[in-house]
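Chain and residue survey
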Amino acid sequence: MTNDELLTLHGRLVGGELQVASRIVERVLPRLVATVRSTVPELHDRQDAEEASLEALLRYLEAPQRYQPGKAQLTTWLAHVARQYALNLKRGQARRHGHESDAAATFAAQREVDDLRPAEERMLQDLEWSNLRDRFHARLFKDEGDRDVFALMSKGEVDPALHARMLGLPDDESGWNEAATRVERMRGRIRRIGRENAS
Amino acid sequence: MSENEDVTMEVPAEVERLGGLLARAARSRSGLIASALAVWERANPDRPVAALLGCGDEALWRVAVTPRPGGRDMAAQAQRIAAELGVNVMGLLNILRFAETTARFETANDDGELLMAALDAEDDGEGDDR
């Protein structure tokens, strides 16, 4: 499912074709949960990330016209809505966990929200990686395991040992060298795409 | 492989699991069909919606997360939804109408609106499903 196809489904839904709603859900929900889970890691558990994602999607389904396609991709917009909900969820959790006074709870909640700002930056980075993957997957993913390499790189993981384990390579120098080659190859593809799009 | 090719990598089982959770969360959302299913189930515990719709869990959550049709287009919309998702159209229409009528009763006062609501529901029922 490409973004264009998703946009077409959105247009049909707004146009009154209610029957396409679940097709949109199928396409975006798992990806949305994964994004929220990876970009708001401070949430107490995995269910919180799912809850935030479900809430964002329900708000969209109830009023799909609120999404303005010209401003952001649907998944990007949903991720932002989910994140806002997740932050509110986190504020509530902070109040519930061992604070004796409202003032202390408010202070702690604010501090935790402040701590999440780097997470917001990570989310934006993640979304950029998502865009790259969506637009150029044919050029990025040529060999088995390329998607795994790309996924780890998108999370800032460049440790050859980690890549080697992910690729099922031997956890020794030969495996690490092979993994490093795969990472470098992926970097090269990304650099080429970047140069072509800059020119 | 074209640049615009499908890049989604969801595991179908995960889609189904999350879809089920979404449908459950949607039961309190009046704008979605899930709320109508919830109204039906509360009033008719011995008649499960899955049996009425003639479908399994996979179709059921997809119906539940669909925006709830209403007004004059309800029958036509229900037909399109039923066709797309492979559920019984008459069952879906019954559930939607039941929920709509229940809502009318809940908001009616005792100045005759209750009777009006009942009559409206009766009129609606004579149109498309007979």
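Residues numbered from 1 in each chain as written. Chains lettered and ligands numbered in written order. Predicted model: local features only at pLDDT ≥ 70, side-chain atom pairs only at ≥ 80, totals over all residues.

This part takes up the overall build of chain B. Looking only at helices and strands, chain B features 7 helices and 0 strands. Counted from the first residue to the last, chain B has its helices and strands arranged as α-α-α-α-α-α-α. Scored against the burial criterion, the 130 residues of chain B give a buried share of 32%. Look at the contacts in chain B between residues 6 or more apart in sequence, and 62% of them connect residues 24 or more apart. (Helix = DSSP H or I, 4+ residues; strand = E, 2+ residues; numbered from the N terminus. Buried ≥ 20, exposed ≤ 12 C-beta atoms within 10 Å, placed from the backbone. Contact = placed C-beta atoms within 7 Å.)

What follows covers the overall build of chain A. A tally of regular secondary structure across chain A gives 9 helices and 0 strands. Each helix and strand of chain A, placed in order from N terminus to C terminus, yields the pattern α-α-α-α-α-α-α-α-α. Within chain A, the proportion of its 199 residues that are buried is 26%. Of the contacts made within chain A by residues no fewer than 6 positions apart, 55% connect residues no fewer than 24 positions apart.

The subject of this paragraph is the nonpolar core. By size, the foremost hydrophobic cluster in this structure holds 57 residues, and its most contacted members are A:Leu32, A:Leu57, A:Leu78, A:Ala82, B:Leu22, B:Ala64 and B:Val65. Residue contacts for B:Ala64: discarding those within four places in its chain leaves B:Ala23, B:Ala26, B:Leu32, B:Ile33, B:Ala34 and B:Leu37. (Core = buried A, V, L, I, M, F, W, Y, C linked by C-beta atoms within 7 Å.)

Listed by partner, the interface residues are 26 residues for chain A and 30 residues for chain B. When residues of the side of chain A that touches chain B are traced back to their parent elements, those giving at least two are α2 (21–39), α3 (46–62) and α6 (117–140) of chain A. With 9 residues, the top contributor of residues to the side of chain A that touches chain B is α2(A). Residue composition of the side of chain A that touches chain B, grouped by class: 13 nonpolar, 4 polar and 9 charged. (Nonpolar A, V, L, I, M, F, W, Y, C, P; charged D, E, K, R; others polar.)

With that settled, consider the packing of α3(A) against helix α1 (residues 12–25) of chain B. Interaxial distance between α3(A) and α1(B) falls to 10 Å at its minimum, and their mutual angle equals 65 degrees. For the element pair α3(A) and α1(B), the recorded crossing hand is right-handed. The residues of α1(B) that touch α3(A), namely those facing A:Glu50, A:Leu54, A:Leu57 and A:Leu58, are B:Leu18, B:Leu21, B:Leu22 and B:Ala25. Of the residues assigned to the contact of α3(A) with α1(B), the class counts are 7 nonpolar, no polar and 1 charged. (Axes fitted to C-alpha atoms, helices over the stretch in contact; angles between N-to-C directions. Left-handed = near helix turned anticlockwise from the far one by under 90°.)

Let us now look at helix α4 (residues 57–64) of chain B. Helical periodicity: at 3.6 residues per turn, an α-helix aligns residues three or four positions apart in one direction. For α4(B), the set of buried residues is B:Leu60, B:Trp61, B:Arg62, B:Val63 and B:Ala64. In the core, the buried residues of α4(B) are packed alongside α2 of chain A together with α1, α2 (33–43), α3 (49–53) and α5 (74–85) of chain B.

A separate point is the packing of α2(A) against α3(A). Residue and element names in this part refer to chain A. Running from N to C, α2 and α3 point in directions that differ by 145 degrees, and their axes come no closer than 9 Å. As for how α2 packs across α3, the hand of that crossing is right-handed. Contact residues: Ala21, Val25, Leu29, Leu32, Val33, Val36 and Arg37 in α2; Arg46, Ala49, Glu50, Ala52, Ser53, Ala56, Leu57 and Leu61 in α3. Of the residues belonging to the contact of α2 with α3, the class tally is 11 nonpolar, 1 polar and 3 charged.

Residue and element names in this part refer to chain B. With 72% of its residues at a pLDDT of at least 70, chain B reaches an overall mean of 82. When the criterion is pLDDT under 50, residues 1–9 qualifies, and its contacts beyond four places in sequence or with other chains add up to 16 contacts. For residues 126–130, every residue scores under 50 in pLDDT, and the model assigns this stretch 4 contacts once sequence neighbours within four places are set aside. Taken over the whole predicted complex, pTM reads 0.62, whereas the ipTM for its chain interfaces reads 0.77. (pLDDT = per-residue confidence, 0-100.)

The subject of this paragraph is the confidence of the model for chain A. It should be kept in mind that the predicted coordinates are not to be read in detail where pLDDT is low. All names here are of chain A. Here chain A averages 78 in pLDDT, while 75% of its residues score no lower than 70. Across chain A, helix α1 (residues 3–14) holds the top mean pLDDT of 92, while helix α5 (residues 102–115) sits lowest at 50. Overall, residues 106–110 carries pLDDT values under 50, and its contacts beyond four positions in sequence, including any with other chains, amount to 5 contacts.

Here the focus is the environment of A:Arg139. Residues and elements named next belong to chain A. Relative to the helices and strands, arginine 139 resides in helix α6. Of the residues examined, arginine 139 has 14 C-beta atoms within 10 Å and is grouped as partly exposed. Spatially, the C-alpha atom of arginine 139 lies 10.0 Å from that of arginine 192, the residues being 53 residues apart in sequence. Beyond its immediate stretch of four places on either side in the chain, arginine 139 contacts Arg189 and Ile193.

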